[in-house]
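The residues making up each chain are set out below.
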Amino acid sequence: MKKTGSSDKGLHTLTIHHASELLKSREISSRELIESIFSRIDKTEKKIKAYVTITSDEAMKASEEADRILHDSRFTVHDSRLLLGIPLAIKDNICIDGIRTACSSWILENFIPPYESTVTKCLKDAGYILLGKTNMDEFAMGSSTENSAFGPTKNPWDLDRIPGGSSGGSAAAVASDECIAALGSDTGGSIRQPAACCGVVGLKPTYGRVSRYGLVAFASSLDQIGPITKDVEDSAILMNIIGGHDPMDSTSADIKLPDFRKALGKDIKGLRIGIPEEYFIEGMDPEVEKTIRQAIKVIEGLGAETKKISLPHTGYAIATYYILATSEASSNLARYDGVKYGFRTEKNNDLLDMYMKTRSQGFGNEVKRRIMLGTYALSSGYYEAYYRKAQQVRTLIKKDFEDAFKGIDVIVTPTSPTPAFRIGEKVEDPLQMYLSDIFTISINLAGVPAISIPCGFTSNNLPIGLQLIGKHFDEETILRVAYAYEQSTEWHKRKPKI
Amino acid sequence: MAKITKREVEHVARLARLELSDEEKETFTKHLNNILTYVEKLNELDTKDVKPTSHVLQIQNIFKEDEIRESLPRERALSNAPDRTEGFYRVPKIIE
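One structure accompanies this document, and this report is about it. In this text the structure is predicted, and so the values were computed from the model without any measurement. (Residues numbered from 1 in each chain as written. Chains lettered and ligands numbered in written order. Predicted model: local features only at pLDDT ≥ 70, side-chain atom pairs only at ≥ 80, totals over all residues. Heavy atoms only, no water.)

**Details of the environment of Ala-16 of chain B**
Stated precisely, the cut-off is as follows: Starting at the N terminus, helices and strands are each numbered in turn, a helix being any DSSP run of H or I of at least four residues and a strand any DSSP run of E of at least two. It only takes one pair of heavy atoms within 4.5 Å for two residues to be counted as in contact.
Structurally, Ala-16 of chain B can be placed in the loop between α1 (6-15) and α2 (22-39). In this structure, Ala-16 of chain B is in contact with Arg-359, Ile-371 and Thr-375 of chain A, ignoring residues within four places of it in sequence.

**So, the side chain of His-31 of chain B**
Note the threshold: The cut-offs for exposure are 20% and 50% of the maximum accessible area for each residue type, with area from a 1.4 Å probe on protein chains only; residues under the lower value are buried, those over the upper are exposed, and the others partly exposed.
Position of His-31 of chain B among the secondary structure elements: in helix α2. Residue classification places His-31 of chain B among the buried positions, given a relative accessible area of 9%.

**A look at the side chain of Arg-209 of chain A**
All names here are of chain A. To be explicit about the condition: Counted as a polar contact is a pair of N or O atoms within 3.5 Å, where, for protein atoms, one must be capable of donating a hydrogen and the other of accepting one, and residues adjacent in sequence contribute only when both atoms are in side chains.
Mapped onto the elements, Arg-209 comes out in the loop between β5 (201-204) and β6 (224-229). A polar contact is formed between the side chain of Arg-209 and the backbone oxygen of Lys-256, at a distance of 3.5 Å. There is a polar contact of 3.0 Å between the side chain of Arg-209 and the side chain of Glu-475. When residues no more than four places from it in sequence are discounted, the contact partners of Arg-209 are Gln-224, Met-239, Gly-243, Gly-244, Ile-255, Lys-256, Leu-257, Pro-258, Phe-260, Phe-473 and Glu-475.

**Some thoughts on the packing of aromatic side chains**
Which entries qualify depends on this criterion: Note on aromatic pairs: the rings of Phe, Tyr and Trp (six-membered ring only in Trp) are paired at centre separations within 6.5 Å, and the planes decide the class, stacked below 30 degrees, edge-to-face beyond 60, tilted for the rest.
Counted under the stated rule, the structure contains 16 aromatic pairs over all chains. A connected cluster of aromatic rings, assembled from ring pairs, spans Phe-111, Phe-139, Tyr-336, Tyr-341 and Phe-363 of chain A.

**Describing the pattern of salt bridges**
Residue and element names in this part refer to chain A. Spelled out, the test is: The working definition used for a salt bridge is a side-chain nitrogen of Lys or Arg within 4 Å of a carboxyl oxygen of Asp or Glu.
Scanning all chains against the criterion turns up 36 salt bridges over all chains. The partner of Glu-64 in a salt bridge is Arg-31, with the nearest N and O atoms 2.2 Å apart. Of this pair, Glu-64 sits in helix α3 (residues 56-72) while Arg-31 is found in helix α2 (residues 30-48), placing the two residues 33 residues apart along the sequence. The exposure class assigned to Glu-64 is partly exposed, which follows from its relative accessible area of 41%. One salt bridge in this structure joins Arg-370 and Glu-366, with 2.7 Å as the shortest N-O distance. Here Arg-370 pairs with Glu-366, and both are found in helix α11 (residues 365-378), just 4 residues apart, close to one helical turn. Each of Arg-31, Glu-35 and Glu-64 takes part in a single network of salt bridges with overlapping partners.

**Examining the pairing of strand β8 (residues 305-309) of chain A**
Residue and element names in this part refer to chain A. Basically, it comes down to this: Pairing between two strands requires that DSSP report at least two bridges joining them. When the strands point away from the viewer, a crossover counts as right-handed if the path from the first strand over the helix to the second runs clockwise.
Note: strand β7 (residues 272-276) against β8, 5 bridges, orientation parallel. Opposite Ile-275, over in β8, you have Lys-308 as the bridge partner. A crossover links β7 with its parallel partner β8, the connecting element being helix α8 (residues 286-301), and its sense is right-handed.

**Some words on the layout of surface pockets**
This is how it is decided: The distinction between a cavity and a pocket rests on a 1 Å grid over the protein atoms alone: a 1.4 Å probe fits inside a cavity but cannot get out, while a pocket stays open yet meets protein on both sides within 12 Å along at least five of seven lines, and a residue with an atom within 4 Å of a point counts as lining. Grid points are joined across faces, edges and corners, and a volume is the space filled by probe spheres set on the points. Gly is placed with the polar residues, together with every amino acid not listed as nonpolar (Ala, Val, Leu, Ile, Met, Phe, Trp, Tyr, Cys and Pro) or charged (Asp, Glu, Lys and Arg).
When its volume is computed, the largest pocket comes out at roughly 620 Å³. The wall of the largest pocket is formed by 35 residues, among which Tyr-115, Leu-215, Val-216, Ala-217 and Arg-335 of chain A lie closest to the centre. Put simply, the parts of the chain that give the lining of the largest pocket at least two residues each are α9 (317-332) and α12 (383-404) of chain A together with α3 (74-77) of chain B. Taken together, the residues of the lining of the largest pocket sort by class into 17 nonpolar, 11 polar and 7 charged. For the second largest pocket, the calculated volume is near 470 Å³. At the level of secondary structure, the elements contributing two or more residues to the lining of the second largest pocket comprise α10 (351-362), α11 and α13 (430-435) of chain A together with α2 of chain B. Looking at the lining of the second largest pocket residue by residue, the class counts come to 9 nonpolar, 8 polar and 9 charged.

Next comes the structure, spelled out in structure tokens:
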């Protein structure tokens, strides 16, 4: 056995695939890896605040168990236990049996799930070690992680700025090497936008690709769980583990799961890449636009053919989204009534009063605002004008993608129109906050997969994300292009100075 | 023109089982008006013959066999209850 306590080796900076090799060849132990992560957390977490719960004792114990198995297995740890001894962080809206899952909300502040989500069960079967639960916008409603009942997370590249959201804690934890990789969830951009803001890789799978069982529901027709990682290979590794059909989620698709790792390393010569003109808009940060155009040049240089395409209903996506997502949320969040779990107000006159006070004290502002908007859109007299209308426009947006994909393989866009904005900058103006999701929202409405990868930095050293969008259930091709781009650039290797 | 009045906000809050302070009523009226005005742009589109999408996958109802399986033990199901008694959730009195 190697000596423990060697944080100076920088093991916390490892990727899953690298750590897994070193563990199997026994050049490092899981215990060393975990210790390196916790010594990193000791140094940086006070500034970043990526976590809402840290499970250090359990993680240390689990690492000893992992080392024992690694030792006994005599170099032949089976591929199905690829994550053996590897520490990951999980967004706080994914249920883990016995570990508080609060969705960064007061109303669930004391909620301890009595069951395990399918994705974390898959990770467990693969041998992962839980580091803790990461901060988020309350119930995943937000683009900045400022809407957390436990306070905001900071961007590791600039502590005065937001890490993006809602999976801001997961993205910041990955970017600051406070974990090896993480899971997030994405309803309108909540994996990709924080990944872009923090300079890491974030994948939103096709709707139905990954089980939502155990994911606290926000907008059920849009929510998907996905990986946030340090590189594209790790993204493929986690997709292999968490993807696939699950009888516990009736919206999970019964479609064969490919080996996503096999898609990596293939060249992209002759692939047809679409560049939608609607994604290069006025008001876009000029540095972002310039960087994206350069990234497109790199992709062309790798042999792909690019062509201009149109997704004509792009400008209607945010309006559509904020009707549909809030309507679904108002229904999903009706369950928080102070009866079966979570917070209940102490003083009340009767049952109705108990409901009203519990919900008013338990939910934060943004959650209330969205419940109000959704309730209004679904209420008598407005249903046709708002909810049904939005469902019809959703059909048009989905058709935009179907039409575009008849002539191309992948669509390339910026992930976000600006780099990470300042903390507090958009808090008072919800509509401005919603507009920051302008490039990610259509993808959820259409249900297609998309990945955000680092593609450069602003002059202020803030990361910029490139979004690659694929056909339904074709994560392989976007991973393939993402990998080819990543391997020909160095952006993913840059680390923030914290 | 205002899309939603303060009175309507009060009505919607009741439907949503939310108790809003006067300040919240004011800001929500303002914010919801801004958002609903923005959402108006959907009316630029003629959707007369467009089918609504409620779900992106072409899947129908999923059925399971009606068989007895293990369920959450009562003690675990009740473990998060804010108030409980004798194996039940307890709520404020409903019937006089």
